[in-house]
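# Reading the structure
What follows is the residue order along each chain.
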Amino acid sequence: MDSIDITKKTAKTNAANGRGNTDPQYTLYSYQRHGRTTAIDDHSDLQVLKRIKRYLLPKDFVISQGLLEEMVAGYDIGDPVADALAADGIRFAKPLQQFIISGSNRGSNFDANLTNNPAFNALTEQFSSHPTWFDPKLAQIGAVAYRRYPLMLIWLLRNVALMAGYSIPALSLPLIQTGALMHDALPRLMRTYAYILAVSEHPPLPKSHTSAGNQRQPIEQVLAIGSEGWRQSIKVRQIHTLVRQNLLKGKGNAAKGVIPNADQHHNPDGSWNSAYWGIPINQTDMIATHLQFSLLIMRGLRLLGARISTEEAEGILHLWNLASYWMGVDLQRLPKDEAACWEWLYTYLSIQQLDFKMGQPLAKALHDLPRQLMGEDNRRGRFVEMVNASVTRTLVGDDIGDGLDLPKSKIRFGVLSSVPILFALDTARQHNQTVAEKLEAFRAKRQDNMNWWLKKNDDYYK
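For every chain, the first residue of the written sequence is number 1, and numbering continues from 1 along that sequence. Thresholds applied to this predicted model are a pLDDT of at least 70 for local features of residues and 80 or more for the giving and counting of side-chain atom pairs; totals over whole chains, interfaces and linings are not thresholded and use all residues. Excluded from the side-chain calculation are hydrogens and water; included are all heavy atoms of the structure.

### Points about the pattern of salt bridges
- In what follows, salt bridge is the name for a side-chain nitrogen of Lys or Arg lying within 4 Å of a carboxyl oxygen of Asp or Glu. Per the stated rule, a full pass over the model turns up 18 salt bridges.
- For E312, the salt bridge goes to R148, with nearest N and O atoms at 3.0 Å. With E312 in helix α15 (residues 310-326) and R148 in the loop between α8 (136-146) and α9 (150-165), this pair connects stretches of sequence that are 164 residues apart. Side by side, E312 and R148 carry an identical accessibility label, which is buried.
- D458 is paired through a salt bridge with R191; the nearest N and O atoms lie 2.8 Å apart. Here D458, found in the segment after α23 (452-457), pairs with R191, found in helix α11 (residues 185-199); they are 267 residues apart in sequence, far enough to count as distant.
- Three labels apply to residues, based on accessible area from a 1.4 Å probe with only protein chains included: buried if under 20% of the type maximum, exposed if over 50%, partly exposed otherwise in between. Judged by relative accessible area, which is 11%, D458 ranks as buried.
- Taken together, the shared-partner salt bridges in this structure form one network comprising R393, D398, D402, K408 and R412. To qualify as a helix, a DSSP run of H or I must reach at least 4 residues; to qualify as a strand, a run of E must reach at least 2; elements of each kind are numbered from the N terminus.

### Looking at the packing of aromatic side chains
- Working definition: rings of Phe, Tyr and Trp (its six-membered ring) pair if their centres are within 6.5 Å, and the pair is stacked with planes under 30 degrees apart, edge-to-face with planes over 60 apart, and tilted otherwise. Scanning the model with the defined rule gives twelve aromatic pairs in all.
- When the centroid spacing of 6.0 Å and the interplanar angle of 70° are considered together, the rings of Y195 and W320 count as edge-to-face. Of this pair, Y195 sits in helix α11 while W320 is found in helix α15, placing the two residues 125 residues apart along the sequence.
- Exposure remark for Y195: the relative accessible area of 4% places this residue in the buried category.
- With a centroid separation of 5.2 Å and 15° between ring planes, the pair formed by W344 and Y348 is classed as stacked. With a gap of four residues between them, W344 and Y348 both fall in helix α16 (residues 338-350), about one helical turn apart.

### Focus: helix α3 (residues 65-74)
- Those residues of α3 that sit buried are Q65, L67, L68, M71, V72 and G74.
- In this analysis, two residues are considered to be in contact whenever any of their non-hydrogen atoms come within 4.5 Å of each other. Residues of α3 that are buried sit in contact with α14 (283-303) and α16.
- Nitrogen and oxygen atoms within 3.5 Å of one another constitute a polar contact, given that in protein one can donate a hydrogen and the other can accept it, and given that sequence-neighbouring residues count only through two side-chain atoms. Two or three places before G66, at the opening of α3, S64 has a side-chain oxygen 3.2 Å from that residue's backbone nitrogen.

### Let's talk about unusual backbone geometry
- Phi is positive for I281, which is not a glycine, with a value near 50°.
- In this structure, I281 sits in the loop between α13 (274-277) and α14.
- The class for I281 is buried, based on a relative accessible area of 16%.
- If you check the backbone angles, D405 has positive phi at about 65° while not being a glycine.
- Given the relative accessible area of 60%, D405 is considered exposed.

### Details of empty space enclosed by the protein
- Grid points spaced at 1 Å and placed over the protein atoms alone form the basis of the search, with a cavity being a set where a 1.4 Å probe fits but cannot get out and a pocket an open set showing protein on both sides within 12 Å along at least five of seven lines. Lining residues have an atom within 4 Å of a point. Grid points are joined across faces, edges and corners, and a volume is the space filled by probe spheres set on the points. Enumeration over the complete set of coordinates arrives at three cavities of 30 Å³ or more.
- When its volume is computed, the second largest cavity comes out at roughly 40 Å³.
- Lining the second largest cavity, in full, are R158, N159, M163, L366, H367, N388, A389, T392 and L406.
- Among the elements of the structure, α9, α17 (356-367) and α19 (379-395) are those that each provide at least two residues to the lining of the second largest cavity.
- Under the scheme applied, nonpolar residues are Ala, Val, Leu, Ile, Met, Phe, Trp, Tyr, Cys and Pro; charged residues are Asp, Glu, Lys and Arg; polar residues are all the others, including Gly. Here the lining of the second largest cavity is composed, by residue class, of four nonpolar, four polar and one charged.

### Some remarks on helix α4 (residues 80-87)
- Within α4, burial applies to A82, D83, L85 and A86. Down the axis of α4, the sector holding all buried residues measures 160°, keeping them to one side. What points out from α4, more than 90 degrees from its buried face, is the exposed set P80 and A87.
- Looking at the buried positions of α4, the neighbouring elements they touch are α7 (118-128) and α12 (228-248). Here the arc refers to the directions that run from the helix axis out to each C-beta atom.

### Looking at the packing of α12 against α15
- Relative to each other, α12 and α15 sit at 45°, their axes nearing to 8 Å. When the axes of α12 and α15 are compared, the pair comes out oblique. On the side of α12, the interface is formed by W230, S233 and R237, while α15 contributes A323, Y325 and W326. Convention adopted: a line fitted to C-alpha atoms gives each axis, helices being fitted over their contacting stretch, and angles between N-to-C directions are expressed from 0 to 180 degrees. Throughout this description, any angle smaller than 35 degrees is read as roughly parallel, any larger than 145 degrees as roughly antiparallel, any in the 65 to 115 degree range as roughly perpendicular, and the remainder as oblique.

Below is the structure:
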């Protein structure tokens, strides 16, 4: 792939003069054909980009023109197979699960319109067995590492993975239009949490026991066919498809009165402005979400003191590769290793239009959860909110924290006190089997305690 390294002045000049121009001299900048796309260094001073470039990219790294073009092409691609079913008015999640699980016993009980539908058959093939590239042992190594730190996991999900995404309007607008994570923020957060738990569910470790609050039969393999992670991947894929179709038809109207009624947010008839944003929940944005849940959480764990080995990191990415593949992401578009993931994420963040005001309603709904649960005047609730905001500011950056209007705390760097503690515990775990077993028992109990909402409202966790 050819690479480019453009100065800010040159990029801005081209952005002003060459958007949409078909003259060959502007071919190099054709990645700016959507309004959502900025010049590659319009916000190169963003703290998160500076940190990625300084600590996680090769010294000679330059943004790849080929990757830019691939990303922009991905804006206009949704999930062709699932979209074909949605266009025919078919909700595929439950019948697909039933059809695959019933196996040879399915007989003639299924609708012939489904079994003769090419798109349904394509999904059946995809979900009936693991792809040849999937390594269950590697995935289990990743799942064990991913779930080893339950408190850190929920911290990083809400305060890094989700909050970081709220600064990018292309990711925020579908959530705002549908009301997701803005109305009923707690259920939305916990459903997302349940999904990452389901993806990372793994067979019990040697000598470990299921907690007293959870007597489910242990699974035999990570992301096994028929497992909760498998089921939820199908369900989430259907939800994404329905949201995509509804937004394209202009049925998502939860943003009214929440964000300014700007022209680029929708077409005159109220439908989604694909020329500006690309297709909602498109291939490129789905990969960004994939990296939010895998790469960013893994990086956050390391920064907070967790000792995640190279093999465990590879396992975490491998685990989420299968989950993302099941959710409709084109496997060929996924970055192949951790280094490629950072290059992909840096490139993606470099060209995304930022609009903090659009993300502020989502950030506020998520930030205010502790006091909503504990009471407006509850000191513990205020303290938890300050800790959460401090995690975002410390790991993502003050510029994004300021943009999302998160509070500042004088003790914000107190979150880093976890680093020596977690590092010491992880070191002891690696060298002492008794310590490892006790930590695993503590982890299982802590995880069970943190699932309080799911145990009340989700059949799987009850």
